[in-house]
Amino acid sequence: MTYRPLRDTDLEAVSHLAQEAFGLRRYASSPTVQAAVRRIYVLHCLTSSTFAEVAEVDGEVVGVVMARAAGQRKLPGQGLYRVRTALLMTKALAVGATRGDTGALKEIQIFEGSYEQLRRRASAAGARLDHELTLFIVSGCCRGQGVGSRLYADALTYLRHSGAKSFHLYTDTGCSYEFYERRGLERVASDTITLRLEDALEDVDTFLYTGRP
Ligand SMILES: CC(C)(COP(=O)(O)OP(=O)(O)OC[C@H]1O[C@@H](n2cnc3c(N)ncnc32)[C@H](O)[C@@H]1OP(=O)(O)O)[C@@H](O)C(=O)NCCC(=O)NCCS
């Protein structure tokens, strides 16, 4: 297993990891919109991050972690990421509109709205929300072998070296949030949102955790 900084050429592989780990396919029925959703998701993480590392085995990316440290330079390529996001949004909306498949972007907005609300509540209760773990995934094939622990440790080392005394992250019941609880992170705010996925309504609990890097 090799651990190295993320490259632009890893974006497609990372978007597939996100699709697999977070069930993003369920957000749309059209393959074109599904592809747009997974790419928009990863581009959004990249535009919110200052650190990105991948785990690679035999040339295949099997894990990724991203983080944002306040005051550090954003990852290179920000302008291009924003243009690509806008183009993908336009495509998803256009294709979605012709196929009656515009729900995906609405469901993503519900997730974003919950994130903002949890941040507001946690801030009001005194939490410092400057530094963040923005993405963390290991492929289903390679879980339980310590890859996640190594990526997580590298991201926390980066945050610590950037001067962070605390960090936070956003997660939900569809994710492996127990990983954070076993590492002593504290749940400081939670919410329940209702998503329409594959034509069925589904309640998801969303959480904001904080911890020391
Ligand atoms: C969270 C995640 C990144 C951890 O990656 P990982 O490579 O499995 O991590 P590790 O192998 O270092 O540790 C996994 C833990 O699960 C246990 N485990 C054992 N077998 C396992 C298996 N087959 N699958 C998953 N976890 C297993 C490990 O013992 C370890 O326990 P610990 O927390 O007490 O140390 C991974 O589970 C994942 O990608 N989940 C889906 C995406 C997600 O939810 N991301 C985080 C929230 S946004």
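Located above this text is the structure these notes cover.
Only a predicted model underlies this, so the values are computations on that prediction, with no experimental measurement involved. (Residues numbered from 1 in each chain as written. Predicted model: local features only at pLDDT ≥ 70, side-chain atom pairs only at ≥ 80, totals over all residues. Heavy atoms only, no water.)

**Concerning the site of the ligand**
In step 1: In the vicinity of the ligand, 19 residues are found, and the nearest of them are Phe-136, Gly-146, Ser-149, Ser-176 and Arg-182.
In step 2: One of the side-chain N or O atoms of Ser-149 is found 2.5 Å from an oxygen atom in the ligand.
In step 3: Arg-182 is positioned such that a nitrogen or oxygen atom in its side chain is 2.7 Å from an oxygen atom of the ligand.
In step 4: Bound to the protein, the ligand loses 70% of the 910 Å² it would expose on its own.
In step 5: Among the residues forming the shell around the ligand, the class breakdown is 9 nonpolar, 7 polar and 3 charged. (Near = heavy atom within 4 Å. Polar contact = N/O pair within 3.5 Å; in protein donor to acceptor, adjacent residues only side chain to side chain. Areas by Shrake-Rupley, 256 points an atom, 1.4 Å probe, with all protein chains shown as cover. Nonpolar A, V, L, I, M, F, W, Y, C, P; charged D, E, K, R; others polar.)

**Thoughts on the packing of helix H1 (residues 11-22) against helix H2 (residues 31-47)**
In step 1: The interhelical angle for the contact between H1 and H2, taken along N-to-C directions, is 105 degrees, at an axis separation of 9 Å. Here H2 runs roughly perpendicular to H1, going by the angle between their axes. Along the contact surface, H1 presents Leu-11, Glu-12, Val-14, Ser-15, His-16, Ala-18, Gln-19 and Phe-22, while H2 presents Gln-34, Arg-38, Arg-39, Tyr-41, Val-42, Leu-43 and Leu-46.
In step 2: Of the residues assigned to the contact of H1 with H2, the class counts are 8 nonpolar, 4 polar and 3 charged. (Axes fitted to C-alpha atoms, helices over the stretch in contact; angles between N-to-C directions. Helix = DSSP H or I, 4+ residues; strand = E, 2+ residues; numbered from the N terminus. Parallel < 35°, antiparallel > 145°, perpendicular 65-115°, else oblique. Contact = heavy atoms within 4.5 Å.)

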